[in-house]
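Coordinate inspection notes
These are the residues of each chain, in order.
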Amino acid sequence: MAIIETEDLTKEYDGLIAVNKLNLKVEEGEIFGLLGPNGAGKSTTLLMLTTIVRPTSGTARVNGFDVVHQPDHVRRSIGIVFQDPSSDDTLTAYENLKLHGMLYNMPKDLREKRIKEVLELVDLTDRKDDLVKQYSGGMRRRLELGRGLMHHPKIVFLDEPTLGLDPQSRENIWHYVEKLSKEERISVIITTHYMDEADKLCNRLAIIDKGRIVASDSPEMLKKVIGGDVINIKIKYPDLEKIKKLDFVKKITEKNGIVSLAVTDANKHLAQILQVIGNVDSVELRSPTLDDVFLLWKVSPQRDESAEGGWAEKIVNYRSKK
């Protein structure tokens, strides 16, 4: 069952199209990621889905409610953790959660019960009476995650939840996101430009560029579409024409003196590639990552307005071979 569904969702600002006919479907209970560079349309999409910004055209339904015609129902169904800190740092964690519960007209007994539950969920019970201004960035983000859960939402939106956090704090946030998805049975929508974050957390994801979805599937499926292992070769004058004739080389990209090859059975064919390409400065061989997927759709000079169709064809072709 789709918990979020959009049809040709579009947002335009003074002639600039921020989100362009977005068609998106998020299933109930999954962690879904929106990936893309700054300005790609991720945050604008979230603002429309959370009723903060009105779409220019198209439709969106969240938990079965229309974001334009039933905004109050949508807001009762969702929790939000914004990109920028939004908790009151002159209050304690407990006071922030109590205020949120009061704004949602939660009965006192339910509110107090829920405060205790979310504090335990994000491991802040021992610090509940400390002022938020005494918190680290990671602790504050965890508090805001807990606050977004206070009213038992069906969906939680996380806009760049780990932006600016140190690696340990990022790992902690990942842990809490997975925990709330499993224990609270909540659908989670994450915007991020951290590929490792999306790969670790998301059941499915969509790569957005210039307001459009250019690729969407599970992280594993998207990596398989790369077509093989990845070989990065640093070389000054590569002979790409000879490389293109090798049938086990599925894709070639070149940027900043680095030639990236998607290769079937790279270990088996590495020696032959090096023999053909010429003198190299360095070689790296590894399995494909979401960074490679992102670069394929965002940077590759072959990508054009038909990119989404190209991605769909690749997915269908791959699945048919299984």
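No experiment lies behind these values; they were computed from the predicted model shown. Within every chain, residues take consecutive numbers counted from 1 along the sequence as written. In view of the model being predicted, local features appear only for residues whose pLDDT reaches at least 70, and side-chain atom pairs are presented and counted only at 80 or more, with totals across whole chains, interfaces and linings using the full set of residues. By convention in this description, side-chain values take in all heavy atoms of the structure and omit both hydrogens and water.

A closer look at the overall build of the protein chain
Condition: Every helix listed is a DSSP run of H or I at least four residues long, and every strand listed is a run of E at least two residues long, numbered separately from the N terminus. Each residue is placed in one exposure class: buried if its accessible area under a 1.4 Å probe, protein chains only, is under 20% of its type's maximum, exposed if it is over 50%, and partly exposed if it falls in between. The contact rule is simple, with two residues in contact once any of their heavy atoms fall within 4.5 Å. The method behind every accessible area is Shrake-Rupley, applied with a 1.4 Å probe, and residues are considered shielded solely by the protein chains displayed. Two residue types count as positive, namely Lys and Arg, and two as negative, namely Asp and Glu; His and chain ends fall outside the count. Throughout, a charge is located at the NZ atom of Lys, the CZ atom of Arg, the CG atom of Asp or the CD atom of Glu.
Secondary structure summary: the protein chain contains twelve helices and 15 strands in total. Over its C-alpha atoms, taken along the principal directions, the protein chain stretches across nearly 75 × 45 × 40 Å. Burial analysis of the protein chain (322 residues in total) assigns 46% to the buried set. Counting only contacts in the protein chain whose residues sit at least 6 apart along the sequence, the fraction spanning at least 24 positions is 69%. Of the roughly 16300 Å² that the protein chain leaves accessible, carbon and sulfur atoms contribute 48%. Across the protein chain, the mean location of the 48 positive side-chain charges is 1 Å away from that of the 50 negative side-chain charges.

Regarding the sheet that holds strand S4 (residues 31–35)
Condition: When DSSP finds two or more bridges between a pair of strands, those strands are recorded as paired. Interaxial angles span 0 to 180 degrees and are taken between N-to-C directions of axes, which are lines fitted to C-alpha atoms, for helices over the stretch in contact.
Read across the sheet, six strands follow the order S7-S8-S9-S4-S10-S11 without closing on themselves; strand pairing throughout is mixed. Of all strands in the sheet, those bounded by a partner on one side alone are strand S7 (78–81) and strand S11 (212–217). Across the sheet, the axes of successive neighbouring strands diverge by a mean angle of 15°, strand direction being ignored. Where S4 lies against strand S10 (residues 204–209), four bridges are found, and the strand directions are parallel. Note that in S10 the partner of Gly33 across the bridge is Leu205. Its contacts with the sheet place helix H6 (residues 167–183) against S4, strand S8 (155–159) and strand S9 (187–192), and it is angled at close to 155° to S9.

Observations concerning the packing of aromatic side chains
Where we set the bar: Think of it this way: a Phe, Tyr or Trp ring, Trp meaning its six-membered ring, pairs with another when their centres are within 6.5 Å, and the plane angle makes it stacked under 30 degrees, edge-to-face over 60, tilted otherwise. The rule for a charge over a ring is simple: NZ of Lys or CZ of Arg within 6 Å of the ring centre, and within 35 degrees of the ring normal.
Applying the stated criterion across every chain, the model contains zero aromatic pairs. Sitting above the plane of the Tyr13 ring, Lys11 keeps its charged end 5.1 Å from the centroid. Between the NZ or CZ atom of Lys128 and the centre of the ring of Tyr94, over which it lies, the distance is 5.8 Å.

Here we look at the side chain of Thr162
Relative to the helices and strands, Thr162 resides in the loop between S8 and H6. Residue Thr162 is classed as buried on the basis of its relative accessible area, which comes to 1%. With near-sequence residues (within four places) excluded, Thr162 lies in contact with Arg141, Arg170, Ile173, Trp174, Tyr194 and Glu197.

Remarks on the sheet that holds strand S12 (residues 229–234)
In space, the four strands of this open sheet follow the order S13-S14-S12-S15, with antiparallel pairing throughout. Strands with a single pairing partner mark the edges of an open sheet, and in this sheet they are strand S13 (249–255) and strand S15 (282–286). Neighbour to neighbour, the strand axes of the sheet diverge by 15° on average, direction disregarded. Bridge analysis of S12 against strand S14 (residues 258–263) gives six bridges, and the strand direction is antiparallel. From the neighbouring strand, Asn232 faces S14, where its bridge partner is Ser260. Contacting S12, S13, S14 and S15, helix H10 (residues 266–277) runs over the sheet at an angle of about 25° to S12.

A few points about the confidence of the model for the protein chain
So the rule is basically this: Across the chain, each position has a pLDDT score giving the predictor's confidence in that residue, from 0 to 100.
Overall, the prediction assigns the protein chain a mean pLDDT of 86, with 91% of residues at 70 or greater. Counting interchain partners and residues more than four positions distant, the pLDDT-below-50 stretch residues 299–322 has 29 contacts.

Examining the layout of surface pockets
Spelled out, the test is: Only protein atoms enter the 1 Å grid used here. Points where a 1.4 Å probe fits but cannot escape make up a cavity, open sets with protein on both sides within 12 Å along at least five of seven lines make up a pocket, and a residue lines them when an atom lies within 4 Å of a point. Grid points are joined across faces, edges and corners, and a volume is the space filled by probe spheres set on the points.
By volume, the second largest pocket amounts to about 270 Å³. Together, 17 residues line the second largest pocket, and Ile80, Phe82, His100, Tyr104 and Arg147 are the ones closest to its centre. Contributions of two or more residues to the lining of the second largest pocket are made by S7, helix H3 (93–103) and helix H5 (137–149). With four residues, the top contributor of residues to the lining of the second largest pocket is H3.

Concerning the pattern of salt bridges
Where side chains of opposite charge bring their charged atoms close, a pairing between them can arise. Quick reminder of the rule: Take a side-chain nitrogen of Lys or Arg and a carboxyl oxygen of Asp or Glu: if they are within 4 Å of each other, that pair is a salt bridge.
Evaluation of the coordinates by the stated rule reveals 17 salt bridges. Of the charged contacts, one joins Asp72 and Arg75 as a salt bridge, the two residues approaching to 3.5 Å between their closest N and O atoms. Taken as a pair, Asp72 and Arg75 lie in helix H2 (residues 71–77) at a separation of three residues, close to a single helical turn. The class for Asp72 is partly exposed, based on a relative accessible area of 45%. With a closest N to O distance of 2.8 Å, Arg114 and Glu117 form a salt bridge. Pair noted here: Arg114 and Glu117 are both in helix H4 (residues 108–121), with a separation of three residues, about one helical turn. Salt bridges sharing partners connect three or more residues here, namely Lys113, Arg114 and Glu117.

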